[in-house]
Amino acid sequence: MWGDPPEGPVVLEPQDSPRHSLAPWFAYWRGIRRERYASRRRTPRTRAVITMVHDEPVFLPIWLGYYSRCFPPQDIYVLDNESTDGSTERDGFVRIPVAHDRVDHTWMVRTIEGLQHELVDRYDVVLVTDVDEIVAPVPEWGTLAEYLDRFDEEYVNCLGYELLHRPAEEPPLDLGRPILDQRRCWFVNDGYDKAALATVPMRWRPGFHGREDHGFNPDPDLRLIHLHRMDYELCRERHRTRRRRAWAEEDVRLRWAVHNRLTEDAEFDRWFHTDSGFEGIAIAPERIPASWRGLF
């Protein structure tokens, strides 16, 4: 995709993952971005965030708790696809009812695109994430609010990291405590290098795992932390909920997000511990740096 890496030694910063497949390019991308922003002052910019939910009693409160720190309620948009568990019956965001009777990733991406296209006409910056995704700059850089007030590129790709629960070493998650205080490891998952943040109308591939035109503009200092595996039993229960729903024919045929239908002991256990969900990406646990503790 990128050809040969830049000549010379790989230059890393303390938060970088030395084994990251993109590490040889980190210094190059940082140099370009730092030169771009060197003479620009941080100024308040209007911003919005979007997600879609269907019965998310665990992840929606986590998502709202984090993003409400830098987005006021009127700028937090939750597309509610017929939730029946009461999780969306609360204040703190703009609820937009939608209705689709099955898991359908093409419908989902096009529906969210429609709202994103509308909002980029009204806001300077729009962030789109799944409800189990936390976008954050590395703590040494600053807060998400500070990042957004500086940002003026057309879009940027986050670097994907997936949180891990290792049940033999860690207890079940206490949802009353910060999640990153209870988990020791994550792993690099390039499948989540999503172009989540933009100032222009976006067109994504289903699953939001990349732009339709395959454009790629990564920032090594902006992470997307995927929480899907943050707790073994919570994850399996979420899979049971999703398995009970109807799935679109195209999703079944192409095996999109097929892991969401794994629930039986052996197959779920194999996936949870050994299968990243993306070909060529291994689960290689890394210690979460101490500076991330308490972020959410």
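What you are looking at is a predicted structure, and each value in this text was computed from that prediction instead of being measured.

### Quick word on the packing of aromatic side chains
Here is step 1 of the chain: Under the criterion given, the structure shown has 17 aromatic pairs.
Here is step 2 of the chain: Plain terms: the ring middles of Trp29 and Phe216 are 6.4 Å apart, the flat faces sit at 85 degrees to each other, and that makes the pair edge-to-face. Of this pair, Trp29 sits in helix α1 (residues 26–37) while Phe216 sits in the loop between β8 (197–198) and β9 (218–226), placing them 187 residues apart in sequence. Per residue, the accessibility class of Trp29 equals that of Phe216, and both read buried.

### A look at the nonpolar core
Here is step 1 of the chain: With 54 residues, the main nonpolar core has Trp63, Tyr67, Phe71, Leu127, Val135, Leu144 and Leu227 as its most contacted residues.
Here is step 2 of the chain: The element that contributes the greatest number of residues to this core is helix α2 (residues 59–67), accounting for 7 residues.
Here is step 3 of the chain: Excluding anything up to four places from it in sequence, Phe71 contacts Arg47, Ala48, Val49, Ile76, Leu127, Leu144 and Leu148.

### Points about the side chain of Glu162
Here is step 1 of the chain: Tracing the backbone through its elements, the reader meets Glu162 in strand β6 (residues 155–164).
Here is step 2 of the chain: Note on Glu162: relative accessible area 1%, which makes it buried.
Here is step 3 of the chain: Within the structure, Glu162 has its side chain in polar contact with the side chain of Arg229 (distance 2.8 Å).
Here is step 4 of the chain: In this structure, Glu162 is in contact with Trp186, Phe187, Asn189, Tyr192, His226, His228, Arg229 and Ser276, ignoring residues within four places of it in sequence.

### Some remarks on the pattern of salt bridges
Here is step 1 of the chain: A full pass over the atoms with the stated rule returns 32 salt bridges.
Here is step 2 of the chain: Of the charged contacts, one joins Arg110 and Glu113 as a salt bridge, the two residues approaching to 2.8 Å between their closest N and O atoms. With Arg110 and Glu113 both in helix α3 (residues 105–120), this residue pair falls 3 residues apart, about one helical turn.
Here is step 3 of the chain: Taken together, the shared-partner salt bridges connect Glu13, Asp16, Arg30, Arg34 and Asp221 into one network.

Basis of the calculations
- Residues numbered from 1 in each chain as written.
- Predicted model: local features only at pLDDT ≥ 70, side-chain atom pairs only at ≥ 80, totals over all residues.
- Heavy atoms only, no water.
- Phe/Tyr/Trp six-rings, centres within 6.5 Å; stacked < 30°, edge-to-face > 60°.
- Helix = DSSP H or I, 4+ residues; strand = E, 2+ residues; numbered from the N terminus.
- Buried < 20%, exposed > 50% of the residue type's maximum accessible area, 1.4 Å probe, protein only.
- Core = buried A, V, L, I, M, F, W, Y, C linked by side-chain atoms within 4.5 Å.
- Contact = heavy atoms within 4.5 Å.
- Polar contact = N/O pair within 3.5 Å; in protein donor to acceptor, adjacent residues only side chain to side chain.
- Salt bridge = Lys/Arg side-chain N within 4 Å of Asp/Glu carboxyl O.

Interpretation note: all reported values are geometric properties and have no functional meaning in isolation.
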